[in-house]
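# Architecture at a glance
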Amino acid sequence: MEKQGERVQQQRVVMVVYPFHGHISPMIHLATFLHSKGFSITIVHPQFNSPDPSSHPEFTFLAIPDKLLESGVSNWNFTGIALTLNRNCAAPLQNCVEQMLLQNPDENIVGIIYDTVMFFAQSVADHLKVPGISVRTSAAATILAFSVFPSPHGEGYISFQDYISGDGIQDPQSFSIKQLLASLPENPTNSTELRIALTRETKKASAIIVNTMDFLEREALAKIREQFSPSIFTIGPLHKLAPTGSASRLKEDSSCISWLNKQAPKSVVYVSFGSLAAMDEEDLVNTAWGLANSDQPFLWVVRPGSVRGSEWIEYLPKTFHERVGERGNIVRWAPQKKVLEHSAVGAFWSHCGWNSTLESISEGVPLLCKPLFGDQMLNSRYICNIWKVGLELEKGKIAEAPWQHGRDLRQHPKRLTVA
Ligand code: UDP
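Residues numbered from 1 in each chain as written. Predicted model: local features only at pLDDT ≥ 70, side-chain atom pairs only at ≥ 80, totals over all residues.

## Observations regarding the nonpolar core
Using the following cut-off: A set of buried residues qualifies as a nonpolar core if it consists of Ala, Val, Leu, Ile, Met, Phe, Trp, Tyr and Cys joined through C-beta atoms within 7 Å. Exposed residues have 12 or fewer other C-beta atoms within 10 Å of their own C-beta, buried residues have 20 or more, and partly exposed residues fall in between, where C-beta atoms are placed from the backbone. Here the bounds of each domain stem from an automatic or database domain assignment. C-beta atoms are first placed from the backbone for all residues, and any pair lying within 7 Å is then listed as a contact.
By size, the foremost hydrophobic cluster in this structure holds 91 residues, and its most contacted members are Met15, Val16, Met118, Ala121, Tyr270, Val271 and Leu299. When residues of this core are assigned to domains, at least three fall in each of domain 1 (10-241) and domain 2 (255-405). With residues up to four places along the chain from it excluded, the contact list for Leu299 reads Cys256, Leu260, Val268, Tyr270, Val271, Asn329, Ala334 and Val339.

## Points about the site of the ligand
Definition in use: Near, as applied to residues and a molecule or strand, means the residue's backbone-placed C-beta atom lies within 6 Å of it. Numbering goes from the N terminus for both helices and strands, where a helix is a DSSP run of H or I of at least four residues and a strand is a run of E of at least two. Any residue outside Ala, Val, Leu, Ile, Met, Phe, Trp, Tyr, Cys, Pro, Asp, Glu, Lys and Arg is labelled polar, Gly included; the first ten of those are nonpolar and the last four are charged.
Around the ligand there are 17 residues in total, and Gly22, Gly274, Ser275, Gly353 and Ser356 lie nearest to it. Looking at the shell around the ligand, the elements with two or more residues in it are α1 (21-36), α15 (336-341) and α16 (354-362). Ranked by the residues each element gives to the shell around the ligand, the list is headed by α16, at four residues. Grouping the amino acids of the shell around the ligand by side-chain chemistry returns five nonpolar, 10 polar and two charged. Shared between two domains, the shell around the ligand holds at least three residues of each, these being domain 1 (10-241) and domain 2 (255-405).

## Topic: the pairing of strand β10 (residues 328-331)
Rules: Only when DSSP finds a minimum of two bridges between them are two strands counted as paired. By convention a crossover is right-handed if, when the strands point away from the viewer, the path from the first strand over the helix to the second runs clockwise.
In the sheet, strand β9 (residues 298-301) pairs with β10 via four bridges, with the strands oriented parallel. Each residue of the ladder has a partner; that of Phe298, found in β10, is Gly328. With respect to chirality, the unit in which β9 leads through helix α14 (residues 318-324) into the neighbouring parallel β10 is right-handed.

## Some words on the pairing of strand β6 (residues 207-210)
As paired strands, strand β5 (residues 132-136) and β6 are joined by four bridges and run parallel to one another. Paired with Val135 across the strands is Ile209, a residue of β6. Bridging between β6 and strand β7 (residues 231-234) involves four bridges; their strand directions are parallel. Within β7, the position partnered with Ile208 by the bridge is Ile232. Chirality of the crossover, the property in question, places the unit of β6, helix α10 (residues 218-227) and β7 among those that are right-handed.

## As for the sheet that holds β10
Test applied: To obtain an axis, a line is fitted to C-alpha atoms, over the contacting stretch when the element is a helix, and the angle between two such axes runs from 0 to 180 degrees between their N-to-C directions.
Across the sheet, which stays open at both edges, the six strands sit in the order β10-β9-β8-β11-β12-β13 with parallel pairing between neighbours. On the outer flanks of this sheet lie β10 and β13 (390-392), each paired with one strand and no other. Adjacent strand axes in the sheet meet at a mean angle of 15° when their direction is disregarded. Bridge count for strand β8 (residues 268-272) against β9 is three bridges, and the pairing is parallel.

## Describing the domain arrangement of the protein
Domain boundaries assigned for the protein yield domain 1 (10-241) and domain 2 (255-405). Across the boundary between the two partners, domain 1 contributes 20 residues, which contact 18 residues of domain 2. Listed by contribution, the elements that provide at least two residues to the side of domain 1 that touches domain 2 are α1, α6 (141-147), α8 (175-182) and α11 (238-241). Classifying every residue of the side of domain 1 that touches domain 2 gives eight nonpolar, 11 polar and one charged.

## A few points about the sheet that holds strand β1 (residues 10-16)
On the basis of which strands lie adjacent, the open sheet formed by seven strands has the order β3-β2-β1-β4-β5-β6-β7 and parallel pairing. The outermost strands of the open sheet, each flanked by one partner alone, are β3 (60-64) and β7. Averaged over all neighbouring strand pairs, the angle between strand axes comes to 25°, with direction disregarded. Together, β1, β4 (107-115) and β5 form the strand contacts of helix α5 (residues 120-128), whose direction differs from that of β4 by roughly 155°.

## Quick word on the packing of helix α4 (residues 90-103) against α5
Inclusion rule: In this scheme, roughly parallel covers angles under 35 degrees and roughly antiparallel covers those over 145, while 65 to 115 is roughly perpendicular and the rest are oblique. Each crossing is labelled by how the near helix is turned from the far one, with a counterclockwise turn of less than a right angle marking it left-handed and a clockwise turn marking it right-handed.
Packing of α4 against α5 brings their axes to within 9 Å, and their N-to-C directions diverge by 40°. Judged on the interaxial angle alone, α5 and α4 are oblique. The element α4 and its partner α5 pack so that their crossing is right-handed. For the pair α4 and α5, contact is made by Ala90, Leu93, Gln94 and Val97 and by Phe120, Ala121, Ser123, Val124, His127 and Leu128, respectively.

Structure follows, in structure tokens:
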């Protein structure tokens with residue numbers, strides 16, 4: 001029992017985020033959960049793409065220098081950004097944590113929880129002799145995909161093609177895992193360094209947390225548990241574990257909820273391609289006419305700056321606006337989780353980012369899949385071929401979308417609810 005006058009040690013968790021919305025958002029949910037259990041939280045982030053600290057006054061946000069500007073890496077070179085952050089941020093993180101300990105002698109840092117991509121944080125945790133916990137914000141199968149390509153110069157190298165065809169593998173993966181990995185684009189050589197380092201460092205973590213559920217990825221998880229010694233905890237979907245606002249600097253347009261309130265149950269197609277994807281004028285116009293011709297009401301997120309060569313939706317012709325009238329609602333950024341929970345929403349036309357995937361299946365909303373890059377291909381395979389809760393749109397074939405079969409979109413295809 002605490003004696004009078006005795007100082008109470010505050011338990012603090014340091015969380016290190018990878019500075020992209022789809023990675024920060026699940027970490028904020030995890031932070032919210034830990035905060036609710038009595039931990040103080042410090043979110044450490046690079047200067048690049050910093051989150052909005054005002055949205056979570058209960059946490060301390062600290063920026064560390066990342067020297068990204070000096071490195072000349074472009075904003076879209078995710079591999080380059082990840083490698084540069086890992087090269088440049090270890091010393092600043094260590095410095096930052098040591099300052100925290102000096103300034104707050106009553107505090108005890110109980111661990112460093114970091115995005116798997118920010119694996120430099122493990123060496124800082126090791127130095128401070130505290131547990132380092134790696135958080136995979138994408139599907140567990142992506143950990144497996146990273147780990148199957150050791151160095152092309154080292155012993156036991158397996159090329160992507162050999163891996164997929166099963167040649168040279170004594171213990172070939174099961175069909176569905178192979179199928180999933182085959183859906184990842186062939187990784188360019190320049191990401192080999194990242195994959196090797198990421199796999200090596202993830203194996204050093206005290207534990208791995210994945211924003212997934214066992215029943216969604218049983219096979220991939222079993223393989224990872226064979227190959228990785230740290231304990232794996234599947235505590236997803238994080239947005240349901242600890243619902244909270246994001247730390248995005250994009251302002252949510254909540255007026256779309258009043259618009260949804262006026263629509264028939266399960267009739268609306270919600271369209272969003274996430275926080276990163278960009279499109280050109282032709283994609284924008286084709287998407288627009290697909291929606292117009294569907295004759296369904298739709299809510300469409302077009303992020304400012306996401307259409308190349310324009311500020312927002314200037315390329316949309318007047319005839320489109322005249323045709324759809326009140327049936328269509330285009331917003332810059334939506335409160336997506338609330339939208340997907342809304343009874344008026346019947347389908348989600350999505351790029352299949354992992355957060356969007358989990359948010360959609362949590363509400364039993366079937367997906368129309370338009371994967372664009374990276375793990376979105378894998379997620380789309382899961383959705384369409386394994387869980388069978390969505391359809392992949394072939395280029396120019398929007399006419400085959402489920403709304404062709406009737407107004408109640410959620411009857412097509414199968415529904416899967418995880419929450
Ligand atoms: N999102 C949102 N409003 C929007 C569009 C997206 O809040 O108008 C959120 C969405 O709920 C999800 C995240 O942005 O949590 C997108 O993450 P995802 O992994 O799906 O894709 P990424 O942005 O990483 O490509």
